[in-house]
Amino acid sequence: MRDIPTPAYVCEEELLEKNLKLLEYVQEESGAKIILALKGFAMWSTFDLVAKYLQGCTASGLHEAKLAREEFCRHNEKAEVHTYSPAFKDEDIEEIAQISDHIVFNSPNQLKRFVLKVKEINPNIEISLRLNPEVSSSPVDIYNPCGLYSRLGTTLANFDESILEHLDGLNFHALCEQDADALEEVLLSFEEKFGKYFKNLKYVNFGGGHHITRKDYDVEKLIWLIKEFKKKYNNIDVYLEPGEAVGWQTGYLVSTVLDTFHNGMDVAILDTSAEAHMPDTLAMPYRADVRGSGEAGEKPYTYRMGGNTCLAGDIMGDYSFDEPLKIGDKIIFEDQIHYTFVKNTTFNGIALPSLAIKRKDGTIEVIKQFGYDDYKGRLS
Ligand SMILES: *Cc1c(COP(=O)(O)O)cnc(C)c1O
């Protein structure tokens, strides 16, 4: 650990596989197919492992679909690429149709605009529409796809029965870090509103946001809900597409203390950034756990830990330690593998963290390091 160039995300293979094994259990017991939402976790150097357990990927557009095709499908021939965008662009649709097994439209308008072209390019592609069940107990508005004036998915009022002839499946995605009880609630509304359209469908996709790998998640209830659903609708296929649950608690972000000083309280500056490297700590917001630390005031030495950018609010939080922090100390932020590197920026020219994998034998392999070229390359 002492030799890792920081900042670095370290994904632990053993923990990732533990999550994948639980997802495999859900698939075996419930009959559902589980695919990985790339938007939450796209460390493709682990896809040899992920593709052993999951049935494919869900992609949010052309680039994610290409990554799924190139880096997931080569490890699993039968893997499926499902592509959804709030709106597709004319210039992308041909390639998306070629490399996708399923395409999910956000509105009847979008479906009518592209369906014939997409089927002409890829006659085997399966067509779905994302619906908005208008029920969600999502914890915060920016992560609530069913909030007021939502642009994500089609409400019953906006449904257009003339597209039914094209549909192979229906999708919804209404949850965020939630339990099976929340799914049950969404399903009730989804079935009540749209159940009349299920008759000729091959599948329903329950989206992501199922916090399946969290310790207290009710896995048996999820399995029961899926089995009941399948029983009720003529053994229809069910998909789940979690992102967070795949990467949940599978690794950490290591950083180094660059400086400390006192300004009303002790302050530590790290070679990472909440804004650029841990964006949900500011967006959600939440406080990431730091290994070996306590709440402010809990241990003798409390620090406000901040990033190495010029944004005043680039602060991870206040943490206390048994010993004073020294320049060069390593600070380990726990659970930083999902929704982190997929969202990173080079704001302020700050270096992107390296990507590393901790192998099952304990060795840490740095897979990729970034530098000045990655900053410059995105600018002109
Ligand atoms: C974000 C997203 C997911 C994955 O959500 P998680 O909360 O990471 O499980 C799945 N489907 C769609 C359509 C999404 O937008």
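Counting of residues starts from 1 at the beginning of each chain's written sequence and follows it residue by residue. Residue-level local features of this predicted model are given only where pLDDT is at least 70; pairs of side-chain atoms are given and counted only at 80 or more, and the full residue set underlies all totals for whole chains, interfaces and linings. Computation of side-chain values covers all heavy atoms of the structure but excludes hydrogens and water.

Where an unreviewed UniProt entry is consulted, the protein appears under the name Carboxynorspermidine/carboxyspermidine decarboxylase, with the organism given as Sulfurimonas marina. Heading Sequence similarities (unreviewed entry) of the UniProt record for the protein holds this comment: "Belongs to the Orn/Lys/Arg decarboxylase class-II family. NspC subfamily." UniProt positions are given in the numbering used here, feature names are shortened, and annotations may be inferred rather than shown by experiment. Word for word, the UniProt comment on the protein under Cofactor (unreviewed entry) is "pyridoxal 5'-phosphate".

What follows deals with the layout of surface pockets. Using protein atoms alone on a 1 Å grid, points that fit a 1.4 Å probe yet trap it form a cavity, whereas open point sets bounded by protein on both sides within 12 Å along at least five of seven lines form a pocket; residues with an atom within 4 Å of a point count as lining. Grid points are joined across faces, edges and corners, and a volume is the space filled by probe spheres set on the points. Counted as a void, the second largest pocket has a volume near 220 Å³. In terms of lining residues, the second largest pocket is bounded by Arg291, Gly292, Phe321, Asp322, Glu323, Pro324, Leu325, Lys326, Asp329, Lys330, Ile331 and Ile332. Its residues placed into classes, the lining of the second largest pocket shows 5 nonpolar, 1 polar and 6 charged. Residues were grouped as follows: Ala, Val, Leu, Ile, Met, Phe, Trp, Tyr, Cys and Pro as nonpolar; Asp, Glu, Lys and Arg as charged; and all remaining residues, including Gly, as polar.

Turning our eyes to something else, we now look at the sheet that holds strand E9 (residues 203-205). Any two strands with at least two DSSP bridges between them are considered paired. Each helix is a run of H or I in the DSSP string that is no shorter than four residues. Each strand is a run of E no shorter than two, and both are numbered from the N terminus. In space, the 9 strands of this open sheet follow the order E2-E10-E9-E8-E7-E6-E5-E4-E3, with parallel pairing throughout. Only two strands of the sheet have a single neighbouring strand rather than two, namely strand E2 (33-34) and strand E3 (36-37). Looking at chain direction, E9 and strand E10 (residues 237-240) are connected through 3 bridges and run parallel. Within E10, the residue paired with Val204 across the bridge is Val238. By definition, residues are in contact when any of their heavy atoms lie within 4.5 Å. Between the N-to-C directions of two axes lies an angle of 0 to 180 degrees, each axis being a line fitted to C-alpha atoms and, for a helix, fitted only over the stretch in contact. Of the strands in this sheet, strand E7 (126-131), strand E8 (169-172) and E9 touch helix H6 (residues 180-194), which is tilted by about 135° from E8.

Let us look at the packing of aromatic side chains. Here a pair means two rings of Phe, Tyr or Trp (six-membered ring of Trp) with centres within 6.5 Å. Their orientation is stacked below 30 degrees between planes, edge-to-face above 60, and tilted elsewhere. Under the counting rule described, the total for this entry stands at 17 aromatic pairs. Where Phe172 meets Phe206, the ring centres are 5.5 Å apart and the plane angle is 25°; that geometry is what we call stacked. Taken together, the residues Phe172 in strand E8 and Phe206 in the loop between E9 and helix H7 (219-232) connect sequence positions 34 residues apart. With respect to class, Phe172 is no different from Phe206; both count as buried. Every member of this aromatic cluster is reached through a ring pair, and the members are Phe159, Phe172, Phe190, Phe194, Tyr197, Phe198, Phe206, Phe229 and Tyr233. When the ring centre of Tyr319 is taken as reference, the NZ or CZ atom of Arg287 above it lies at 4.0 Å. Only Lys NZ and Arg CZ are tested; either one counts as a charge over a ring when it is within 6 Å of the ring centre and within 35 degrees of the ring normal. The lysine or arginine in question, Arg291, covers the ring of Tyr252, its NZ or CZ lying 4.8 Å from the ring centre. Throughout this description, buried means an accessible area under 20% of the type-specific maximum (1.4 Å probe, protein chains only), exposed means over 50%, and partly exposed covers the range between.

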